[in-house]
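Coordinate inspection notes
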Amino acid sequence: MNKELLVIKKRYNLKEEEFNFILTSVFDRKLYQIYLSEKLPKNKIKKIINICERKKTEIPLPYLLKKAYFLDLELYIEKGVFIPRAETELLISLLENYNQEKIKYILDIGVGTGNLTIALARLFKKALVIGTDISKKALKVATKNVEKYSLSNQIKLYHADLFYFPNYQKYFNHFDLIVSNPPYINEKDYKNLPKAVKNYEDKRALYGGEDGLLIIKRILKEGKIFLSPKGKIVLEIDNNHPIKIYEYAKELYSSFIFVNSLTKKIRFAIIS
Ligand code: GLN
């Protein structure tokens, strides 16, 4: 093991995964190769120390490193844009057995870094994926990521409040999938979020009104007209939401499937 690295890690008292995140982003090499090198370039060591110093102020690492990871994607990110969460990766696995040929139009509401948008485009290669966000900064970042993965032909991004991108009427009865990881945190939970989240991430990407359902209800109500006859709405939700969602939307939709995350809490809804 490289001694210098061990000393730094200990000095800054960083979690294993945080320290490894810094190492891989600075070195662009496999983790074991980094740990096994006897000698590492001085300027890189300096850079690591510099990042560790700044990390003391609670800034989430992806903002310091301008990098975030989602599935096999390495994404560009800037301060204030929602950091992709590992839990959301499961949403994509839920769609893996869908018929690739039949999905032609997808809408992703609230693109953030573009993580879901890009993953969807890569999974459904024949689909046009439209993404919207209320944050101009998120759109700027997502655009960069879409270009990085050469998907500008397949993905169209718009600055819009949920569905209302230019000429949205053209897409009535069109979307085979409407996907969103919407803001769903309620008032009480929002107050208790760690500072690292509250002080740096965009409230609009997290806070879903008093009961957390403000945007989810809008998506269900306003989204119906955009769905194709067999279309599905796929959402990330809070564990306390299923019954409320069902009660709210039972007149609008006939099928409600709720899916657990790996922690056994309900995290996703598939509604049609
Ligand atoms: N779609 C992005 C994600 O899932 C951003 C979500 C958001 O802004 N609430 O990470």
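Being a predicted model, the structure only gives us computed values, none of them experimental. (Residues numbered from 1 in each chain as written. Predicted model: local features only at pLDDT ≥ 70, side-chain atom pairs only at ≥ 80, totals over all residues. Heavy atoms only, no water.)

1. Some thoughts on the site of the ligand
- The full set of residues close to the ligand is Phe82, Pro84, Thr88, Gly110, Val111, Gly112, Asn115, Leu116, Asn181 and Ala205.
- Between a nitrogen atom of the ligand and a main-chain N or O atom of asparagine 181, the distance comes to 2.8 Å.
- Here a nitrogen atom of the ligand and a backbone polar atom of alanine 205 are 2.9 Å apart.
- Relative to its unbound accessible area of 300 Å², the ligand is 97% covered by the protein chains. (Near = heavy atom within 4 Å. Polar contact = N/O pair within 3.5 Å; in protein donor to acceptor, adjacent residues only side chain to side chain. Areas by Shrake-Rupley, 256 points an atom, 1.4 Å probe, with all protein chains shown as cover.)

2. Here we look at the pattern of salt bridges
- Across all of its chains, the model carries 13 salt bridges by this definition.
- In this structure, the salt-bridge partner of glutamate 74 is lysine 148, at a minimum N-O distance of 3.8 Å. In this pair, glutamate 74 sits in strand 2 (residues 73-76) while lysine 148 sits in helix 8 (residues 136-148), placing the two residues 74 residues apart along the sequence.
- Of the residues examined, glutamate 74 reaches a relative accessible area of 28% and is grouped as partly exposed.
- Judged by relative accessible area, lysine 148 falls into the partly exposed class, the value being 44%.
- Where lysine 126 meets glutamate 101, a salt bridge forms, and the shortest distance between an N and an O atom there is 2.7 Å. One end of the pair, lysine 126, is in the loop between helix 7 (115-123) and strand 4 (128-133); the other, glutamate 101, is in the loop between helix 6 (89-94) and strand 3 (105-109), with 25 residues separating them in the sequence.
- Residues joined in a network through salt bridges with shared partners are Asp161, Arg218 and Glu222. (Salt bridge = Lys/Arg side-chain N within 4 Å of Asp/Glu carboxyl O. Helix = DSSP H or I, 4+ residues; strand = E, 2+ residues; numbered from the N terminus. Buried < 20%, exposed > 50% of the residue type's maximum accessible area, 1.4 Å probe, protein only.)

3. A short note on the packing of aromatic side chains
- Taken as a whole, this structure holds 15 aromatic pairs when the rule is applied.
- Ring plane angle 15 degrees and centroid distance 5.3 Å describe the contact between tyrosine 158 and phenylalanine 165, whose orientation is recorded as stacked.
- Since its relative accessible area comes to 1%, phenylalanine 165 is described here as buried.
- On the numbers, 5.5 Å between centres and 15 degrees between planes, the contact of tyrosine 171 with phenylalanine 175 is stacked.
- Classification of phenylalanine 175 as buried rests on a relative accessible area of 0%.
- A connected cluster of aromatic rings, assembled from ring pairs, spans Tyr105, Tyr158, Phe163, Tyr164, Phe165, Tyr168, Tyr171, Phe172, Phe175 and Phe226.
- Lying over the aromatic face of phenylalanine 82, arginine 85 brings its terminal NZ or CZ to 4.7 Å of the ring centre.
- The ring centre of tyrosine 253 lies 4.9 Å from the NZ or CZ of lysine 224, which sits over that ring. (Phe/Tyr/Trp six-rings, centres within 6.5 Å; stacked < 30°, edge-to-face > 60°. Lys NZ or Arg CZ within 6 Å of the ring centre and 35° of its normal.)

4. So, the environment of serine 152
- Mapped onto the elements of the fold, serine 152 is located in the loop between helix 8 and strand 5 (155-159).
- Sequence-distant contacts of serine 152, defined by excluding residues within four places in its chain, comprise Val146 and Glu147. (Contact = heavy atoms within 4.5 Å.)

5. Describing helix 1 (residues 3-12)
- When helix 1 is considered as a whole, its buried residues turn out to be Leu5, Ile8, Lys9 and Tyr12. When helix 1 is viewed along its axis, its buried side chains cluster within an angular range of 100 degrees and face the same direction. Projecting away from the buried face of helix 1 at angles above 90 degrees are the exposed residues Lys3, Lys10 and Arg11.
- For helix 1, the elements touching its buried residues are helix 2 (16-27), helix 3 (31-36) and helix 4 (42-55).
- Structurally, the start of helix 1 carries an N-cap: the backbone nitrogen of glutamate 4 is 3.0 Å from a side-chain oxygen of asparagine 2.
- At the exit of helix 1 stands asparagine 13, carrying a positive phi of roughly 55 degrees. (Arc of directions from axis to C-beta.)

6. As for helix 4
- Over its 14 residues, helix 4 extends 20 Å from the first C-alpha to the last, a length consistent with the 20 Å expected when each residue adds 1.5 Å.
- Restricting attention to buried positions, one finds in helix 4 the residues Ile45, Ile48, Ile51, Cys52 and Lys55. The arc that holds the buried residues of helix 4, viewed along the axis, is 120 degrees, so those residues lie on one side. Facing away from the buried surface of helix 4 by more than 90 degrees, the exposed residues are Lys42, Asn43 and Lys46. (Expected span 1.5 Å × (residues − 1).)

7. Quick notes on the sheet that holds strand 4
- Pairing in this open sheet of seven strands is mixed, and the strands run 5-4-3-6-7-9-8 from one edge to the other. Each having just a single partner strand, strand 5 and strand 8 (256-260) make up the two edges of the open sheet. Pairwise comparison of adjacent strand axes, ignoring direction, gives a mean angle of 15 degrees for this sheet.
- In the packing of helix 8 onto the sheet, the strands contacted are strand 4 and strand 5, and the crossing angle to strand 5 comes to about 165 degrees.
- Contacts from helix 13 (residues 242-249) reach strand 8 and strand 9 (266-271) within the one sheet, and its direction differs from that of strand 8 by about 165 degrees. (Pairing = 2+ DSSP bridges. Axes fitted to C-alpha atoms, helices over the stretch in contact; angles between N-to-C directions.)

8. A short note on the side chain of serine 180
- Among the structural elements, serine 180 can be located in strand 6 (residues 175-180).
- Among the polar contacts made by the side chain of serine 180, one reaches the main-chain carbonyl oxygen of isoleucine 109 at a distance of 2.8 Å.
- For serine 180, the contacting residues outside a window of four places in its chain are Leu91, Asp108, Ile109, Ile219, Val234, Leu235 and Glu236.

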